[in-house]
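Overview (structure and organization)
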Amino acid sequence: MGRRHFSAEFTLEAATLVLNQGYTVPEARASLNIGDTALRRWVEQARAEREGTVPKDHAPLTEEHRRIAELETKVKRLEQEKATLKKATALFVEDETRHSR
């Protein structure tokens, strides 16, 4: 059987069982029919996100951190576009200067 994939909402809810609702990891794991390692990783990630950090090798769990990641991606893309436009403008000005002589 292949590896199962879970939504960010599901992983956050699973971690919340442990962090907020008093379930132990084995209880929550059995209740949700998921692996122990995965649940422990989600709980640690949820704790880290509550403290304001998101591991770079994992997708954010909370809506807030997903939005932050989305905005960071957008900023990076816009910065790349700006750099490209600066180069194009410089080439255009250089070309115009060369032709106006």
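To be clear, the structure that these remarks concern was listed above.
Below you will find a few notes about this structure. (Residues numbered from 1 in each chain as written. Predicted model: local features only at pLDDT ≥ 70, side-chain atom pairs only at ≥ 80, totals over all residues. Heavy atoms only, no water.)

Bringing the pattern of salt bridges into the picture now. Pairing of side chains with opposite charge becomes possible as their charged atoms draw close. Across all of its chains, the model carries 6 salt bridges by this definition. Of the charged contacts, one joins R40 and D36 as a salt bridge, the two residues approaching to 2.8 Å between their closest N and O atoms. Highlighted residues: R40 and D36, both in helix α3 (residues 36–50), separated by 4 residues, approximately one helical turn. Taking relative accessible area as the criterion, R40 reaches 42% and is therefore assigned partly exposed. By relative accessible area, which is 29% here, D36 ends up partly exposed. One salt bridge in this structure joins E81 and R77, with 3.0 Å as the shortest N-O distance. In this pair, E81 and R77 are both assigned in helix α4 (residues 63–99), 4 residues apart and thus about one turn of the helix distant. Taken together, the shared-partner salt bridges connect E9, E63 and R66 into one network. (Salt bridge = Lys/Arg side-chain N within 4 Å of Asp/Glu carboxyl O. Helix = DSSP H or I, 4+ residues; strand = E, 2+ residues; numbered from the N terminus. Buried < 20%, exposed > 50% of the residue type's maximum accessible area, 1.4 Å probe, protein only.)

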